[in-house]
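The lines below spell out each chain.
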Amino acid sequence: EAIVLKTQPLRSSSLIVTFATRSFGKIKGVVKGVRKEREVRGAHFELFSHLEIVYYEKLRSDLHLVSDTAMLHSFDGLRTNLSSIAYASYFAELADRVLEVHDPHEEVFDLLLFCFRYLSSVKPEHIARIFELKLLAETGLLPSLDVCTGCQKPLPEGGFFSVAQGGLFCTACRHAAPDAQLLPAPLMSALRYYACHSPEESLRYRPQGEANAGLGRLMDGFMLYHLGNPLKSRRFLASIQSVL
């Protein structure tokens, strides 16, 4: 099983496709002859498509040969408006940046399917917070939310979050992280809820006040710092917010 994360043209008629797979992690494969005129099979490689693929593994290369495909779900519903397309592109690009080649993460695969399934019917910003927090948790990038990074003592409802150190600090230890910013209790509650509950349970969660917006800004800063370069899809989302 595979989800299309990215495509690149190769010569006149072929594609290099980056897939997230359920059992084999992220892989890249060459698909030959799909860009020819009237080639129906090329529709299978639209972004976000959920497929079954057959590929031949190249032992001396990370670029394999994809020989056959079958469509499982095209997620046509999320392709009907700019907002859901933009957020789905963000999820795909973020997964591509975070996942390592041939490092299986079945939970991330299922998370992508879950978010694509609900993007057309649930507020995209809500789905985005679920995706970001669960993706970081499943790939080991989410810091501990229960204890202070400095003294290892349990944290109260509030805390100071350091993007640079990727952790939470108590009042006594905040001097160790000059960039640490206070997280209000509602934002901390939202952060912990999304991290500790399943995507299905998180769909029913309603954060207090502006907690979701604040969490979105926190995730933007965290992703930018730890990924090194900004995501093109995130910049695009920011540019169209007034339209959305």
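Scope of this entry: the structure provided in the associated data block. Since we're looking at a predicted model, the values are computed, not measured. (Residues numbered from 1 in each chain as written. Predicted model: local features only at pLDDT ≥ 70, side-chain atom pairs only at ≥ 80, totals over all residues. Heavy atoms only, no water.)

## A word on empty space enclosed by the protein
Here comes step 1: With the rule as written, the count across this model stands at two cavities of 30 Å³ or more.
Here comes step 2: By volume, the largest cavity is sized at about 50 Å³.
Here comes step 3: Around the largest cavity sit A20, T21, G25, K26, L99, D103, H105, V108 and F109, which together line it.
Here comes step 4: Mapped by element, the contributors of at least two residues to the lining of the largest cavity are strand 2 (14–21), strand 3 (25–31) and helix 2 (106–118).
Here comes step 5: Per-class residue counts for the lining of the largest cavity are four nonpolar, three polar and two charged.
Here comes step 6: Computed from the structure, the second largest cavity encloses a volume of approximately 30 Å³.
Here comes step 7: Looking at the second largest cavity, the residues that line it are L142, P143, L145, F161, L191, L218 and M219. (1 Å grid on protein atoms, 1.4 Å probe; cavity = no way out; pocket = protein on both sides within 12 Å on 5 of 7 lines; lining within 4 Å. Points joined across faces, edges and corners; volume = space filled by probe spheres on them. Helix = DSSP H or I, 4+ residues; strand = E, 2+ residues; numbered from the N terminus. Nonpolar A, V, L, I, M, F, W, Y, C, P; charged D, E, K, R; others polar.)

## Description of a nonpolar patch on the surface
Here comes step 1: Together, L82, F236, V243 and L244 make up an exposed nonpolar region whose accessible area comes to about 370 Å².
Here comes step 2: Mapped onto the fold, V243 is located in the segment after helix 7 (232–239).
Here comes step 3: With relative accessibility at 63%, the residue V243 sits in the exposed group. (Patch = residues over 30% accessible without salt bridge, like charges linked within 9 Å, V, L, I, M, F, W, Y side chains within 5 Å. Areas by Shrake-Rupley, 256 points an atom, 1.4 Å probe, with all protein chains shown as cover. Salt bridge = Lys/Arg side-chain N within 4 Å of Asp/Glu carboxyl O. Buried < 20%, exposed > 50% of the residue type's maximum accessible area, 1.4 Å probe, protein only.)

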